[in-house]
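Observations on the model geometry
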Amino acid sequence: MTIFSKIIAGEIPSYKVAENDKFFAFLDINPVGWGHTLVVPKQETDYIFDLSDEDLAEMTVFAKRVAKAIKKALPCRKVGVTVLGLEVPHAHIHLVPLKNEGDMDFRNKIDSPDPEKMKQIAAAIAGNFE
Ligand code: AMP
């Protein structure tokens, strides 16, 4: 069971943003910026491009809805999208609010993000999810 499956099962806490029957979105615990969100399929698959065409398409559309909620909840020009997957073997899309190109630099993480602020941001994004 991956750490993300444990989050989805509620065995590990997360700052949840959105969920449907197939996908789950929550804040990255070690964010590159405020509002950095991960979108994951509930069914474990390591590599995103091993998902079926249908599941990949559905995941992208779910991520689009989450990105729209992030854009409404936080000041940004656009929401950046990236896939790394080098650390956790459970497919996920990173969504990061962007003001400039450097905001997507994964070498710069927020140092010890304040849990209260993380909670507020997750609630703001969740409140704008349609
Ligand atoms: P990667 O697999 O390279 O895309 O990186 C995995 C991402 O998952 C990193 O940005 C981590 O900060 C994030 N991450 C790892 N564990 C957790 C967790 N328990 N809750 C939220 N995000 C996590």
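Residues numbered from 1 in each chain as written. Predicted model: local features only at pLDDT ≥ 70, side-chain atom pairs only at ≥ 80, totals over all residues. Heavy atoms only, no water.

Observations regarding the overall build of the protein
- When you go through the protein residue by residue, the secondary structure sums to three helices and five strands.
- Whereas a compact globule of 130 residues would reach a radius of gyration of roughly 14 Å, the protein reaches 14 Å, a difference of no more than 12%.
- Across its three principal axes, the protein shows a C-alpha extent of roughly 35 × 30 × 30 Å.
- The proportion of buried residues among the 130 residues of the protein is 44%.
- Within the protein, contacts between residues separated by at least 24 positions form 59% of all contacts whose residues are at least 6 apart in sequence.
- By element, 52% of the accessible surface of the protein is carried by carbon and sulfur atoms, the whole surface being about 7400 Å².
- Mean positive and mean negative side-chain charge positions of the protein (16 and 19 charges, respectively) differ by 9 Å. (Helix = DSSP H or I, 4+ residues; strand = E, 2+ residues; numbered from the N terminus. Rg over C-alpha atoms; globule rule 2.2 N^0.38 Å. Buried < 20%, exposed > 50% of the residue type's maximum accessible area, 1.4 Å probe, protein only. Contact = heavy atoms within 4.5 Å. Areas by Shrake-Rupley, 256 points an atom, 1.4 Å probe, with all protein chains shown as cover. Lys, Arg positive; Asp, Glu negative; His and termini not counted. Charge placed at Lys NZ, Arg CZ, Asp CG, Glu CD.)

Overview of the pairing of strand E3 (residues 37-41)
- Where burial is concerned, most of E3 is hidden: five out of the five residues are buried.
- Where burial is concerned, the two faces of E3 agree: the one with Thr 37, Val 39 and Pro 41 and the one with Leu 38 and Val 40 are both buried.
- As paired elements, strand E2 (residues 23-27) and E3 share five bridges and run antiparallel to each other. The partner of Ala 25 across the bridge, within E3, is Val 39.
- Relative to strand E5 (residues 93-98), E3 runs antiparallel, the two being bridged by three bridges. Considered in E5, the bridge of Val 39 is made with Ile 93. (Pairing = 2+ DSSP bridges.)

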